[in-house]
Amino acid sequence: MKSSEIRQTFLQYFARNDHEIVASSPLVPANNPTLLFTNAGMVQFVETFIGLEQRPYTMAATAQKCMRVSGKHNDLENVGPSPRHHTFFEMLGNFSFGEYFKEDAIRFAWDLLTNELKLPKERLWVSVFEGDSAVPADEEAVRLWQQVGVAPERILRFGAKDNFWSMGDTGPCGPCSEIHYYQGDDVEHQVPEGVNSDDDNYMEIWNLVFMQYDRDAQGRLTPLPKPSIDTGMGFERLVAVLQGVRNNYETDLFTPIIDRLVTLVGQGHEHYTANRAVYHAIADHSRACAFLIADGVRPGNEGRNYVLRRILRRAAYQGQTIGLSRPFLAETAGVVIETMGDAYPELRSKADYIKQVITIEEERFGRTLQAGLEQLENIVSTMQQAGQTVMRGEDAFRLHDTFGFPLDLTAKILAERGLGVDEDGYLVAREAQRQRGREAAQFRRGAQAELWAEADLPQTTFTGYQDLQSAGQLMALVVEGGREQQASEGEAVQLVLDRTCFYGESGGQVGDTGVIVGPQGAVRVTDVQKPVPGLFVHTGTVERGFVAVGDAVQLVVDAERRRDIMRNHTATHLLHRALRDVLGEHAEQAGSLVAPDRLRFDFGHPAAVAYEDLREVERRVNAWIRADSEVAPAEMPIAAAKQLGAMALFGEKYGDIVRVVTVSCIDIPSRAHGGAVAEQTIVTETMCSRELCGGTHVSRTGEIGFFRIVGESSIGSGLRRIEAVTGRGAEEYVEAQLGLLRGLAQRLGTTPAQLGERAEQLLSQLRQQQQQLAQLSRRESGTQLQSLLDAKQQQDGVAFVAARVEAPGMEKLREMGDWLRDKLGSGVIVLGTVLNDKPQLLAMVTPDLVKSGYHAGNLVKGLAQIVGGGGGGRPDVAQAGGRDVSKLDDALQQVGPLLARQKQ
């Protein structure tokens, strides 16, 4: 059985059982920045499971593209040597969103595996949850497995590690049941101990998750009102079982790629046999590259892009080890497109683009690979001479930074020689480089930095701590990237002076703006940067006349903008201190932006900051502002600063002489001890904040005016960001909020002070109106249903109602059916409706008629054929869908004749 046939068999089976066949979602998850890649079939249904999204169906089945490239069971080192590990894989799954539960999930799984796919029952094992102190043993699953024919001795019980599933720390969860397959040769001597062990003869192929509880923040479990089903079956494993091989790479999912590789290498299958792990890794990585690029990922140095680059370069290197010296991955990716393009059309539609991206990246890596290997050889030689067995992290990072060697590739090459690599040292070197990169970006790295570094100019004297206006002499001038002697009106220009009162961007504080006036013209300054240490480069445009090297000029900083920046900068120091007081000393600064209109402060913290803690931080900062404490900057040797306890921040580079900014603040008792009267209860003043800082600050905290937090968010694992406003920015923010309140109050016909009361009145009115509408709807529905009941028909002495009704969904349709069945007492109900432009049918048979041989499932199955669909169900209740709405009335007219045939 071909893999394409297996995939189609799975989907068609569930289609026949009224599941919606949903296309695979992309590998890049939508609306989930916390997830690197889609790694399970249920990812695209998360919001449906937790009730945030309504879909037009309640049962679904998918063949989902997945990527797993991290974690204990997904180490890249295992891909190739292991017969089952992959980066890219497919997951088959069926899902129920409150429609059916354990009984049908177990029935579907066993029926599909043993009847449709013909797996021998004597090779199948199932596991269930054995229970713990919080959740009882899943004896219901045991009973249901026995009910479908599984021998009791082949039903095994395991703990929560193997058989209890959770979506997260909170939310939907429940026991699960796994199906395992024995692929060994000794069928007669299977042992239960092999399941969930390291014995490769026993392989899990399908996991059925029964989501029946909701876990709250305290760990309490509450039964869900609508239990749901989420199943996942590894497609590659299933194909291996059905094609009778023990290694996934021997299935037709991989053999076409491997065959193409054998042809490209040109050394026959003997060479493949001797180098299986390399061929397998390249085949796996070719699939991953093709699918990632088709879903919009491109090789790069961050996040998902870096994962793609690692995988692609790893494959390219391994190709070199088996004699593929020229780019070849576009060829193997082409096989992926050929073999899987029918199932995943995006591969065909982006075929040329996929091959182009792969080839460009492979050629780029190829240009540096040989030089990198030579450098690696030099490092290894030095290590061996020194008797070392572990490569320094700095050397491993240099291989990455200069030659494009991902760390895991370097580790692989070294491992082949019995050597290791200092991964922690690599991470330290990488972070140091990133910090240099951030600084270099701020300083207009590249050509600009090189230009000014070669200018051989003395350092600029900065006078802006004291002055916002000063005199200076124009020392150098750049127009359009080249040194010039003068610049004329309208030209963009960069200027360096012997001294300046303009602050150059650094330490998170943006550069100043203003004007530089010379004897023959003036320059409007829009930014100031320091491309090389100590050199202030003023960027702007000549507004009138011309300026020339040697001019004596007057410098005037935009004073109002600078004061706004100073307010925000001092506020970041107060915010830093308050965060550490409220959250703990771990809340250290990890980055900042100090602009005239706002401040942004990044800090370490493992979770979102609670609302109450944010308000406490605000309360402390504003109390310190009202205290109008002195802000005292002072220059001193760095050793003296450290003795005073001054904080050095997030890897900043400091000279021998540093500037220390100290803010003296009144003590603020905690909420538990002081409350709102804190600043009046303490009379002593103590040091509040002392940091190494080269930025500009207010003289006293009172100049900040007012501080308000406007946002708190995550920017990465263990990193949070606060955005805030002060002074004029805070005034504008408050005015905007008050304006919003006034506007809402005006629209609601009240005052801002009474807005809450008015909103509650309107909500109360809305609830009453909704109740009235619901009552009217029920009354109208009852009248409609009573008329249907009055018009009931007879067939061979059996009363039945067959009618077309209006219903917003299947749940409402079932409610209508329940009402009619209860009122009818004895009889058959068949209701038809149109949902999402498709006909839907519901059949119900009362218990007495079920005993007489009438069967709702058989009845609805016959009706479904008329509307071009299928369905079925239990003897007492069943439903079906179709494609032809125009045949719905015809189907309902056939209820009597079909009942007559059931009687016979």
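Model, not experiment: these values are computed from the prediction.

Q: So what's going on with the overall build of the chain? Which residues, and what values?
A: Helices and strands together make up the secondary structure of the chain, namely 28 helices and 34 strands. In terms of overall dimensions, the chain has a C-alpha envelope of 110 × 85 × 55 Å along the principal axes. Relative to its full complement of 904 residues, the chain shows a buried share of 49%. Long-range pairs, those at least 24 residues apart, make up 69% of the contacts in the chain between residues at least 6 apart in sequence.

Q: Please provide a residue-by-residue account of the sheet that holds strand S32 (residues 838-845), values included.
A: Spatially, the 6 strands line up as an open sheet ordered S29-S30-S31-S32-S34-S33, and their pairing is mixed. Each end of this open sheet is capped by a strand with a single partner; those strands are strand S29 (793-795) and strand S33 (870-873). Going from strand to strand, the sheet's axes swing by 20° on average, the running direction of each strand aside. Bridging between strand S30 (residues 798-804) and strand S31 (residues 828-835) involves 5 bridges; their strand directions are parallel. Residue pairing in the sheet places Ala-803 in a bridge with Leu-831 of S31.

Q: Residue-level account of the packing of aromatic side chains, with values.
A: Remark: the centre distance and the inter-plane angle together describe each pair of aromatic rings, the angle taken between the planes. Taken as a whole and assessed by the stated rule, the structure comprises 25 aromatic pairs. Ring centres of Phe-397 and Tyr-426 lie 5.7 Å apart, and the angle between their planes is 65°; on these two criteria the pair is classed as edge-to-face. A residue pair is termed long-range when its members are at least 10 positions apart, and Phe-397 in helix H14 (residues 393-403) and Tyr-426 in helix H16 (residues 423-442) qualify at 29 residues. For the pair shown, Phe-397 and Tyr-426 are each scored as buried. Each member of the aromatic cluster is reached from another via a ring pair, and the members are Phe-10, Tyr-13, Phe-14, Tyr-100, Phe-108 and Trp-206. Sitting over the ring of Tyr-465, Arg-659 keeps its end group 3.5 Å from the ring centre.

Q: A description of the pattern of salt bridges should follow, citing residues and the corresponding values.
A: Applying the stated criterion to the full structure yields 46 salt bridges. In this structure, the salt-bridge partner of Arg-700 is Asp-628, at a minimum N-O distance of 3.5 Å. Note that Arg-700 is positioned in the loop between strand S26 (685-692) and strand S27 (707-716) and Asp-628 in the loop between helix H19 (611-626) and strand S24 (631-637), a separation of 72 residues in sequence. Given the relative accessible area of 36%, Arg-700 is considered partly exposed. The class for Asp-628 is partly exposed, based on a relative accessible area of 30%.

Q: Residue-level account of the side chain of Ser-127, with values.
A: With respect to the helices and strands, Ser-127 occurs in strand S4 (residues 124-129). A distance of 3.0 Å separates a polar atom in the side chain of Ser-127 from a polar atom in the side chain of Asn-163. The contact partners of Ser-127, leaving out residues within four places of it in the chain, are Leu-156, Phe-158, Asn-163, Cys-176, Ser-177, Glu-178 and His-180.

Q: Could you give an account of the nonpolar core, with specific residues and numbers?
A: By size, the foremost hydrophobic cluster in this structure holds 113 residues, and its most contacted members are Trp-145, Ile-205 and Trp-206. For this core, the element with the highest residue contribution is helix H9 (residues 276-294), accounting for 11 residues. Contact partners of Trp-145, with chain neighbours within four places excluded, come to Ile-106, Trp-110, Val-126, Val-128, Val-150, Ile-155, Ser-177, Ile-179 and Leu-208.

Q: Account for the sheet that holds strand S22 (residues 589-594), naming residues and giving values.
A: Reading across the sheet, the 4 strands line up as S22-S23-S28-S27 and stay open at both edges, with antiparallel pairing between neighbours. Single-partner strands in this sheet number two, and they are S22 and S27. The sheet shows a mean angle of 15° between the axes of neighbouring strands, direction not considered. Taken together, the 6 bridges between strand S23 (residues 599-604) and strand S28 (residues 719-726) define a ladder with antiparallel strand orientation. Counted as the bridge partner of Arg-600 is Glu-723 from S28. Across the face of the sheet, H19 comes into contact with S27 and S28 while running at roughly 135° to S27.

Q: So what's going on with helix H1 (residues 3-16)? Residues and values would help.
A: The terminal C-alpha atoms of H1 lie 20 Å apart, and with 14 residues this matches the ideal 20 Å at 1.5 Å per residue to within 8%. Every buried residue belonging to H1 is among Ser-3, Ile-6, Arg-7, Thr-9, Phe-10, Leu-11, Tyr-13 and Phe-14, and all of these are buried. Positive backbone phi, at 65°, marks Asp-18, one or two positions downstream of H1.

Q: Go over the pairing of strand S9 (residues 221-234), please, and point to the residues and values.
A: One ladder, built from 4 bridges, connects strand S3 (residues 88-96) with S9; its direction is antiparallel. Note that in S9 the partner of Phe-95 across the bridge is Asp-230. Across 9 bridges, strand S8 (residues 202-215) lies against S9 in antiparallel orientation. Opposite Arg-215, over in S9, you have Leu-221 as the bridge partner. Two successive antiparallel strands, S8 and S9, enclose a turn made up of 5 residues, where Gly-219 displays a positive phi of approximately 85°.

Q: Can you break down the environment of Met-844 residue by residue, with the values?
A: Topologically, Met-844 is positioned in strand S32. Judged by relative accessible area, which is 2%, Met-844 ranks as buried. For Met-844 and Arg-728, which are 116 residues apart along the polypeptide, the C-alpha to C-alpha distance reads 70 Å. Those residues within four positions of Met-844 in sequence are excluded, and the remaining contacts are Arg-814, Gly-817, Asp-818, Arg-821, Gly-827, Val-828, Ile-829, Ala-856, Asp-876 and Val-877.

Q: Give me a nonpolar patch on the surface: which residues, what numbers.
A: Residues Phe-706, Val-734, Leu-738 and Leu-741 make up a contiguous nonpolar surface patch of roughly 290 Å² in combined accessible area. With respect to the helices, strands and loops of the structure, Val-734 is situated in helix H22 (residues 727-747). The partly exposed category is assigned to Val-734, whose relative accessible area is 32%.

Q: Before we move on, could you go through the state of the cysteines and cite the residues and values that matter?
A: Tallying each qualifying case throughout the model produces 0 disulfides. Left unpaired, Cys-501 is separated from the closest cysteine sulfur, that of Cys-693, by 19 Å. The closest cysteine sulfur to the non-disulfide-bonded Cys-693 is located on Cys-688, 14 Å from its own sulfur. When its relative accessible area of 10% is taken as the criterion, Cys-693 is described as buried.

How each quantity is defined
Here the residue index of a chain counts from 1 through its sequence in written order. Only residues with pLDDT of 70 or above have their local features reported here, since the model is predicted, and side-chain atom pairs are shown and tallied only from 80 upward, although totals for entire chains, interfaces and linings are computed over all residues. Hydrogens and water molecules were not included; the side-chain quantities draw on all heavy atoms of the structure. Only runs of H or I of at least four residues qualify as helices and only runs of E of at least two qualify as strands under DSSP, and these elements are numbered from the N terminus. Throughout, exposure labels follow a simple rule: accessible area from a 1.4 Å probe, protein chains only, divided by the maximum for the residue type, with under 20% read as buried, over 50% as exposed, and the rest as partly exposed. Any two residues having at least one pair of non-hydrogen atoms within 4.5 Å are treated as being in contact. Each pair of strands is called paired provided DSSP finds at least two bridges between the two strands. Comment: axis = line fitted to C-alpha atoms, over the contacting stretch for helices; angle = value between 0 and 180 degrees taken between N-to-C directions. Pairing of aromatic rings covers Phe, Tyr and Trp, the last through its six-membered ring, and needs centres within 6.5 Å; plane angles under 30 degrees mean stacked, over 60 mean edge-to-face, and all others mean tilted. We call a charge positioned above a ring when the Lys NZ or Arg CZ atom is no farther than 6 Å from the ring centre and deviates by at most 35 degrees from the ring normal. We define a salt bridge as a contact between a side-chain nitrogen of Lys or Arg and a carboxyl oxygen of Asp or Glu at a distance within 4 Å. Here a polar contact means two N or O atoms within 3.5 Å. Within protein one must be a hydrogen donor candidate and the other an acceptor candidate, and residues neighboring in sequence count only if both atoms are side-chain atoms. To define a nonpolar core, start from buried Ala, Val, Leu, Ile, Met, Phe, Trp, Tyr and Cys residues and group those joined through side-chain atoms within 4.5 Å. To estimate how far a helix should extend, the number of its residues minus one is multiplied by 1.5 Å. Any residue with relative accessible area above 30% and no salt bridge may belong to a patch, with like charges joined within 9 Å and the nonpolar Val, Leu, Ile, Met, Phe, Trp and Tyr side chains within 5 Å. For the area figures, the Shrake-Rupley method with a 1.4 Å probe applies, and any residue is considered shielded solely by the protein chains shown. Cysteine sulfur pairs qualify as disulfides if the two atoms are within 2.5 Å.

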